[in-house]
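# Analysis of the macromolecular model
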Amino acid sequence: MAVTINTLREFKQKGEAFAALTSYDATFSQAVSEAGVHVILIGDSLGMVLQGHDSTLPVTMDQMVYHVSCVAKGNRGSLIMADMPFMSYGTVESALENAAELMRAGAHMVKLEGTDWMKETITALTERAVPVCAHLGLTPQFVNKFGGYKVQGRDEKAAEMMIEHACELEAAGADVILLECVPAPLAARIAQAVRAPVIGIGAGPDTDGQILVLHDMLGITSGRKPRFVKNFLAETDSIQDALQAYVKAVGERTFPAEEHTFKA
Ligand code: KIV
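First, a word on scope: everything that follows refers to the structure included in this document. All of these numbers come straight from a predicted model, not from anything done at the bench.

### Remarks on the packing of aromatic side chains
Tallied over the full model, the rule gives 6 aromatic pairs. Considering the side-chain rings of Phe11 and Phe18, the 5.8 Å spacing of their centres and the 65 degrees angle between planes classify their relative orientation as edge-to-face. Each member of the pair, Phe11 as well as Phe18, carries the same accessibility label: buried. Grouping aromatic residues by their ring pairs yields a cluster made of Phe232, Tyr246 and Phe255. Against the face of Phe232 rests Lys230, its NZ or CZ located 4.8 Å from the ring centre.

Right under this line is the structure:
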């Protein structure tokens, strides 16, 4: 049975955790999907993992459309989420046009990074049949505003603000919230505050779903390994086993463990 937004809502209602991973091509999307991963994200992280840039900013709409269409061909029933790249949703009009391209290429949902300024855009998209995931916390497209890749929402004022933004974006129509690099207690508060399924990366064990970058969880990313990453290929020599181990660990809530979590 294909995974839909309703499947993710059911996971949340039952208090069960679903697994998400990035993929960028047909071969890996088939493997990821067949391993039981519920959501495949064509992340603009491809700018870093595939293209070797030091940020996601150079990724273009044409590149995203190409990778979404590759992933859609390999997919075997996972929900396909596509990142809207840097400045592709700077205005409501550009968001509508660019989201339509990603949906035509095979996406089931688009993901946007930002806070309350996205409300009008999210309403416009969702009213026109484009499901939206709102990405809060460490939003990599804002790296130059943040001055680096840093944990967000550490003090109470910033935490309250993030909770408020999550609620506002849900009210504007967001179907899913994604939290990146936030303290686990804050992610738990947000997951309780909204009805929408909340996916976490570096956000502790209490979100409704977990996501990792595929190359990170296979241990093949060069450079510094972020705290929240676990190499699932370390304990097996089979990629398929590693993918299945990830799905199992997320479902059993043994991943993320304490060592993958930011406390405050
Ligand atoms: O681009 C990406 O891969 C992402 C994940 C890190 C959530 O946004």
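### Digging into helix 1 (residues 5-14)
Every buried residue of helix 1 is accounted for by Ile5, Thr7, Leu8, Phe11 and Lys12. In a view along the axis of helix 1, the buried residues occupy a sector of 160 degrees, so they form one face of it. For helix 1, exposure combined with an orientation more than 90 degrees from the buried face picks out Gln13 and Lys14. Where helix 1 begins, the capping side chain belongs to Thr4, and its oxygen is found 3.1 Å from the backbone nitrogen of Asn6. Just downstream of helix 1, Gly15 is the residue with a positive phi angle, here 75 degrees.

### Some thoughts on the site of the ligand
Thr22, Leu41, Gly43, Asp44, Ser45, Asp83, Lys111, His135, Leu178, Glu180, Ile201 and Val213 make up every residue found near the ligand. Contact between the ligand and Asp83: an oxygen atom at 3.0 Å from a side-chain N or O atom of the residue. Between the ligand and the protein, one listed contact pairs an oxygen atom with a side-chain N or O atom of Lys111 at 2.8 Å. Its residues placed into classes, the shell around the ligand shows 4 nonpolar, 4 polar and 4 charged.

### Structural notes on helix 8 (residues 156-172)
Between the first and last C-alpha of helix 8 there are 24 Å, a value that for 17 residues agrees with the 24 Å anticipated at 1.5 Å per step. Listing the buried residues of helix 8 in full gives Ala159, Met162, Ile163, His165, Ala166, Leu169 and Ala172. On its buried side, helix 8 packs onto helix 6 (119-127), strand 5 (132-137), strand 6 (176-180) and helix 9 (184-193). Following helix 8 by one or two positions, Gly173 has its phi on the positive side, about 130 degrees.

### Side note on the side chain of Asp44
For Asp44, the position within the fold is in the loop between strand 2 (39-42) and helix 3 (46-49). One buried charged side chain, Asp44, makes no salt bridge at all; its nearest oppositely charged neighbour is Lys111, positioned 5.4 Å away. Among the polar contacts made by the side chain of Asp44, one reaches the side chain of Gln141 at a distance of 2.7 Å. Here Asp44 is in contact with Thr56, Val59, Met64, Asp83, Met84, Pro85, Glu113 and Gln141, once residues within four sequence places are set aside.

Conventions we followed
- Residues numbered from 1 in each chain as written.
- Predicted model: local features only at pLDDT ≥ 70, side-chain atom pairs only at ≥ 80, totals over all residues.
- Heavy atoms only, no water.
- Phe/Tyr/Trp six-rings, centres within 6.5 Å; stacked < 30°, edge-to-face > 60°.
- Buried < 20%, exposed > 50% of the residue type's maximum accessible area, 1.4 Å probe, protein only.
- Lys NZ or Arg CZ within 6 Å of the ring centre and 35° of its normal.
- Helix = DSSP H or I, 4+ residues; strand = E, 2+ residues; numbered from the N terminus.
- Arc of directions from axis to C-beta.
- Polar contact = N/O pair within 3.5 Å; in protein donor to acceptor, adjacent residues only side chain to side chain.
- Near = heavy atom within 4 Å.
- Nonpolar A, V, L, I, M, F, W, Y, C, P; charged D, E, K, R; others polar.
- Expected span 1.5 Å × (residues − 1).
- Contact = heavy atoms within 4.5 Å.
- Lys, Arg positive; Asp, Glu negative; His and termini not counted.
- Salt bridge = Lys/Arg side-chain N within 4 Å of Asp/Glu carboxyl O.

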